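In case you want the letters, here they are:
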Amino acid sequence: MSLFYNFGLIDVTNKQYLKDSYMIIEGDYIKQIGNQKELPESYLKEGTDLKGKTVMPGLFNLHIHALATPIARPPILNIEDQSKFAIRGSVHLQQYLKSGVTFVRDMNGRKKAETGLREAIRDKIVPGPEYYICGQALTMTGGHGSNTGRECDGPEECRKAAREQLKRGVDFIKLIATGGVMSPGNNAHETQLDEDEMAAAIAEAHKVGKKTAAHAHGATGIKNAIRAGIDSIEHGSYLDDEGIDLMVKNNTALVPTLSVDYFLFKHGKDVPQYAIDKAKRAQEAQIKGFLKAWDAGVMIGVGTDAGTPYNPHYGTYREFISMVELGLKEMDVLSAGTINSAKIAGVDEKYGSLEEGKIANFIVLENNPIEDINEIENVEKVYFNGELVEIGDVEYLPHLD
């Protein structure tokens with residue numbers, strides 16, 4: 001049993017900052033939490049004094065590509081052996097955990113390396129956050145992501161493709177509803193998998209209690225995915241008013257991945273010009289749609305699409321900062337990146353907030369990010385499953401700020 005006291009607790013569920021807090025950890029779980037005035041003086045002598053620092057739940061990143069290194073052209077890595085992909089992914093996942101991210105969703109596997117990597121983390125062979133995988137993303141023949149995804153056409157083939165991923169033991173299913181920004185030749189507005197194709201795959205996931213997510217930029221593809229029953233829209237660049245209304249009606253979440261443009265425009269001089277041009281065209285519409293969705297009450301989660309060009313795996317902090325820069329309140333953004341993201345992933349019973357009975361995944365910050373969201377970048381300590389995370393320098397690319 002471990003006791004921590006004398007810290008400010010960010011309660012992301014009730015959106016409040018609780019001074020003079022304490023927390024008792026037993027094994028992986030939070031046993032007790034409250035104001036330290038409730039504790040006998042003898043308890044304090046045995047505990048860890050956090051000296052007024054801030055404690056909050058571990059961060060979430062709902063949209064990553066753990067097996068991709070954020071170089072100018074990540075697809076050139078596809079020739080690598082499965083074992084090298086797994087090692088690459090292990091390094092990236094350590095970067096997440098060291099930076100305070102205790103839960104991630106990987107949006108596309110490569111050569112099944114992600115399956116063994118997930119099990120290695122769960123078996124404590126290598127360190128890493130809670131790692132949810134979708135296996136191969138489902139895409140139409142020749143569609144966005146077809147170089148690594150599972151190509152499928154027609155409802156029955158899409159149903160079979162979803163069952164294949166589920167047989168592998170994936171945690172959720174990802175579908176490609178539109179073209180992309182980073183892939184050549186595909187316009188982001190293009191619809192790809194049709195509504196009935198996605199509905200067939202989504203039904204298979206939902207039958208066994210698994211969530212679904214759709215890569216969707218164009219307005220028509222977004223609406224197709226929502227009507228098909230998707231749980232979250234990823235990116236949502238050209239989300240329109242009709243799409244927002246559908247999201248509210250169907251309780252569909254949005255993971256906007258705003259960080260992509262920040263890192264791409266700042267560092268992407270070697271990225272193909274078509275990708276830069278497509279991203280610039282999409283950015284203005286994306287910001288407008290995102291803010292409208294927020295105001296309408298759409299559930300928003302945090303995801304960065306890390307692994308895309310120059311979009312680093314330690315950069316989750318940037319998504320929080322970007323949202324605040326667009327006018328959102330700090331506390332609302334902290335809730336989006338913790339408890340709301342946990343709800344989107346379907347894991348809020350165990351993760352996403354610091355409450356009695358939940359897993360003890362939390363971070364310690366020198367200062368309060370409610371007062372300055374930039375503090376989210378300065379994680380002092382990370383606790384995962386109740387234990388202090390101790391990871392050395394795992395950065396092997398130049399630091400991008």
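Higher on the page you've got the structure.
Residues numbered from 1 in each chain as written. Predicted model: local features only at pLDDT ≥ 70, side-chain atom pairs only at ≥ 80, totals over all residues. Heavy atoms only, no water.

## Quick word on the overall build of the protein chain
And then number 1: Assigned secondary structure in the protein chain consists of eleven helices and 16 strands.
And then number 2: Relative to the globule expectation of 21 Å for 401 residues, the C-alpha radius of gyration of the protein chain, 21 Å, shows essentially globular dimensions.
And then number 3: Projected onto its principal axes, the C-alpha coordinates of the protein chain cover approximately 65 × 45 × 45 Å.
And then number 4: Per-residue burial over the protein chain gives 60% buried out of 401 residues. (Helix = DSSP H or I, 4+ residues; strand = E, 2+ residues; numbered from the N terminus. Rg over C-alpha atoms; globule rule 2.2 N^0.38 Å. Buried < 20%, exposed > 50% of the residue type's maximum accessible area, 1.4 Å probe, protein only.)

## As for empty space enclosed by the protein
And then number 1: Evaluation of the coordinates by the stated rule reveals two cavities of 30 Å³ or more.
And then number 2: A class-by-class count of the residues in the lining of the second largest cavity yields five nonpolar, five polar and no charged. (1 Å grid on protein atoms, 1.4 Å probe; cavity = no way out; pocket = protein on both sides within 12 Å on 5 of 7 lines; lining within 4 Å. Points joined across faces, edges and corners; volume = space filled by probe spheres on them. Nonpolar A, V, L, I, M, F, W, Y, C, P; charged D, E, K, R; others polar.)

## Some points on the sheet that holds strand S14 (residues 362-365)
And then number 1: With mixed pairing, the seven strands of this open sheet are ordered in space as S3-S2-S1-S4-S14-S15-S16. Edge positions in the sheet fall to strand S3 (29-35) and strand S16 (387-388), since each of these pairs with one other strand and no more.
And then number 2: Direction of pairing for strand S1 (residues 2-11) relative to strand S2 (residues 16-26): antiparallel, over a ladder of eight bridges. In the strand pairing of S2, Ser2 is matched with Ile25. (Pairing = 2+ DSSP bridges.)

## Notes on the pattern of salt bridges
Once the charged atoms of two side chains with opposite charge are near each other, the side chains can pair.
And then number 1: The full count for this structure, using the stated rule, is 23 salt bridges.
And then number 2: The partner of Arg163 in a salt bridge is Glu204, with the nearest N and O atoms 2.8 Å apart. Taken together, the residues span a long stretch of sequence, with Arg163 in helix H4 (residues 155-167) and Glu204 in helix H5 (residues 195-207) at a distance of 41 residues.
And then number 3: Note on Arg163: relative accessible area 43%, which makes it partly exposed.
And then number 4: Judged by relative accessible area, which is 5%, Glu204 ranks as buried.
And then number 5: One salt bridge in this structure joins Arg318 and Glu325, with 2.6 Å as the shortest N-O distance.
And then number 6: For Arg318, a relative accessible area of 8% translates into the label buried.
And then number 7: Each of the salt bridges in this network shares a partner with another, and the network as a whole consists of Arg118, Glu119, Arg122, Glu130 and Asp171. (Salt bridge = Lys/Arg side-chain N within 4 Å of Asp/Glu carboxyl O.)

## Side note on the side chain of Asp261
And then number 1: Within the element layout of this structure, Asp261 appears in helix H8 (residues 259-267).
And then number 2: One buried charged residue, Asp261, remains without a salt bridge, the closest side chain of opposite sign being Lys280 at 10 Å.
And then number 3: Apart from residues lying up to four places away in sequence, Asp261 is in contact with Ala279, Gln283 and Gln286. (Lys, Arg positive; Asp, Glu negative; His and termini not counted. Contact = heavy atoms within 4.5 Å.)

## Structural notes on the layout of surface pockets
And then number 1: Roughly 380 Å³ of volume is contained in the second largest pocket.
And then number 2: In terms of lining residues, the second largest pocket is bounded by 17 residues, among which Lys124, Pro127, Gly128, Phe384 and Asn385 are the most central.
And then number 3: Those elements that provide at least two residues to the lining of the second largest pocket are helix H3 (113-122), strand S7 (130-133) and S16.
And then number 4: Residue classes in the lining of the second largest pocket are distributed as ten nonpolar, two polar and five charged.

## Concerning H8
And then number 1: All buried positions along H8 are accounted for by Ser259, Val260, Asp261, Phe263, Leu264 and His267.
And then number 2: Taken together, the buried residues of H8 touch helix H9 (273-296) and helix H10 (317-325).

## As for the sheet that holds strand S5 (residues 59-64)
And then number 1: Taken in spatial order, the three strands of this open sheet run S5-S6-S7, and their pairing is parallel. Unpaired on one side and paired on the other, S5 and S7 mark the two borders of the sheet. Direction aside, the axes of adjacent strands within the sheet are offset by 15° on average.
And then number 2: As judged from the four bridges shared by strand S6 (residues 101-106) and S7, these two strands associate in the parallel manner. (Axes fitted to C-alpha atoms, helices over the stretch in contact; angles between N-to-C directions.)

## Considering helix H7 (residues 241-250)
And then number 1: Regarding H7, the residues found buried are Gly243, Ile244, Leu246 and Met247. With its buried residues spanning 160° around the axis, H7 presents them on a single face. Exposed residues on H7 whose side chains face more than 90 degrees from its buried face are Asp245 and Lys249.
And then number 2: Next to the buried residues of H7 lie helix H6 (219-228), strand S12 (232-235), strand S13 (253-255) and H9.
And then number 3: Put simply, Asp240 is the residue that caps the front of H7, since its side-chain oxygen is 3.3 Å from the backbone nitrogen of Glu242. (Arc of directions from axis to C-beta. Polar contact = N/O pair within 3.5 Å; in protein donor to acceptor, adjacent residues only side chain to side chain.)

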